[in-house]
Amino acid sequence: MVTRKPTGVEYRFKIDAYTPETMPMARLAEYMAELAVILGEQGAVHFTRLERGSTVMVQKIEAEAAPKVRDRVARVKRQQDAPEEALRAFRTMNRLLREDNGAAVLKEKTGVIIEFPGIKDEKEKYPPVKQHGTLDGILVAVGGAETVHIRLRVENEIIAGISTTDRQIGKELARRFDEPVRLTGMGTWHRNDEGRWDLVNFKVEGFCALETGTLTEALTEIRELPYRFEHGAFDELETLRHGPPQANGSH
């Protein structure tokens, strides 16, 4: 008698925002990466194909890993006792779907096992915040016709959504390419599902160049200032920070 080895199970992730013909490759990769984190057991979960109609990503889960994957997905669905990286991936997936004006479901042969509401989830935990402020960074792009579009590199991230309709500001900024600048203007910020405030747009009203000197050079300039602290100035600063000394001499 021949015993057949279990062949595993298939999960179908169906997105209603695209068809395979219209899904950008980079966006597909984003969805696949987040789904892999949600499912876990990455050595035993394999992408097999895209199905037609709406975009349907088909995953094959090895039989030995199927119970662990099923339990992990169930915990993500309940939003309880699931690994933090899986919950974070679930929130990111819904953000991607909202941006794409879509929703999705993850299905097994028995039916839907978890829903991703995406655009259907109309709850807005934090409304956009609009305020005047500044942005500091390295100027990496300036260009455009009527509106001048600007990009900054802040640490290791490229910040877009920055613009100005003042052509003169655009011309002056262009001369500062690859240099540190401080932009002044009105920004709109949105808090994402991960709790981080993301820039939606920033309308530049002015700017100034930032110095690129070293810390040693800055300290040297401070020492060369003509102002000198008078006797007792340090004690006054301590009092301002911590209040007057107590009777026993402590603060």
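What this report covers is the structure whose coordinates are included nearby. In this text the structure is predicted, and so the values were computed from the model without any measurement. (Residues numbered from 1 in each chain as written. Predicted model: local features only at pLDDT ≥ 70, side-chain atom pairs only at ≥ 80, totals over all residues. Heavy atoms only, no water.)

### Description of the pairing of strand 6 (residues 129–143)
- Taken together, the ten bridges between strand 6 and strand 9 (residues 180–191) define a ladder with antiparallel strand orientation. Considered in strand 9, the bridge of Asp-136 is made with Arg-182.
- With five bridges joining them, strand 6 and strand 7 (residues 148–154) adopt antiparallel strand pairing. In the strand pairing of strand 7, Ile-138 is matched with Arg-153.
- What sits between the antiparallel neighbours strand 6 and strand 7 is a turn of four residues, in which Gly-144 has the positive phi angle 140°. (Pairing = 2+ DSSP bridges. Helix = DSSP H or I, 4+ residues; strand = E, 2+ residues; numbered from the N terminus.)

### Looking at the packing of helix 1 (residues 25–39) against helix 3 (residues 84–99)
- Two numbers describe how helix 1 lies on helix 3: the axes approach to 8 Å, and their chain directions differ by 150°. Compared by their axis directions, helix 1 and helix 3 come out roughly antiparallel. For the crossing formed where helix 1 meets helix 3, the hand is left-handed. Touching Arg-27, Glu-30, Tyr-31, Glu-34, Leu-35, Val-37 and Ile-38 of helix 1 are Glu-85, Ala-86, Ala-89, Phe-90, Thr-92, Met-93, Leu-96, Leu-97 and Glu-99, all from helix 3.
- Class assignment for the residues of the contact of helix 1 with helix 3 results in ten nonpolar, one polar and five charged. (Axes fitted to C-alpha atoms, helices over the stretch in contact; angles between N-to-C directions. Parallel < 35°, antiparallel > 145°, perpendicular 65-115°, else oblique. Left-handed = near helix turned anticlockwise from the far one by under 90°. Contact = heavy atoms within 4.5 Å. Nonpolar A, V, L, I, M, F, W, Y, C, P; charged D, E, K, R; others polar.)

### Some points on the environment of Leu-106
- Mapped onto the fold, Leu-106 is located in strand 4 (residues 104–108).
- Note on Leu-106: relative accessible area 0%, which makes it buried.
- Sequence separation of Leu-106 and Phe-13 is 93 residues, and the distance between their C-alpha atoms is 4.4 Å.
- Aside from chain neighbours lying at most four places away, what touches Leu-106 is Tyr-11, Arg-12, Phe-13, Leu-35, Leu-39, Val-73, Gly-111, Val-112, Ile-113, Ile-114 and Phe-116. (Buried < 20%, exposed > 50% of the residue type's maximum accessible area, 1.4 Å probe, protein only.)

### Side note on the sheet that holds strand 2 (residues 45–51)
- The sheet built from five strands is open, its strands ordered 2-3-1-4-5 with antiparallel pairing. Sheet topology places strand 2 and strand 5 (111–116) at the edges, where each strand pairs with a single neighbour. Here the strands of the sheet are splayed against their neighbours by 25° on average, with no regard to which way each runs.
- Note that strand 1 (residues 9–15) and strand 3 (residues 55–61) share seven bridges and pair antiparallel. Bridged to Ile-15 within strand 3 is Thr-55.
- On the sheet, helix 3 packs against strand 1, strand 4 and strand 5 and is oriented at approximately 75° with respect to strand 5.

### Details of helix 3
- Taking 1.5 Å per residue, 16 residues should reach 22 Å; helix 3 reaches 23 Å between its end C-alpha atoms and fits that length.
- Among all positions of helix 3, only Ala-86, Leu-87, Ala-89, Phe-90, Thr-92, Met-93, Asn-94, Leu-96 and Leu-97 are buried.
- On its buried side, helix 3 packs onto strand 1, helix 1, helix 2 (66–78), strand 4 and strand 5. (Expected span 1.5 Å × (residues − 1).)

### Let's talk about helix 4 (residues 167–174)
- Every buried residue of helix 4 is accounted for by Ile-169, Gly-170 and Leu-173. Taken around the axis of helix 4, the buried residues stretch over an arc of 100°, which confines them to a single face.
- Each element contacted by the buried residues of helix 4 is listed here: strand 6, strand 7, strand 8 (157–164), strand 9 and strand 10 (197–209). (Arc of directions from axis to C-beta.)

### Comments concerning the sheet that holds strand 8
- Overall, mixed pairing links the five strands, which are arranged 6-7-8-10-9 in a closed barrel. In this sheet, adjacent strand axes meet at a mean angle of 50° when their direction is disregarded.
- Across two bridges, the pairing between strand 8 and strand 10 is parallel. Across the sheet, Ser-163 pairs through a bridge with Lys-203, a residue of strand 10.
- Set on the sheet, helix 4 makes contact with strand 6, strand 7, strand 8, strand 9 and strand 10; between it and strand 10 the angle comes to about 85°.

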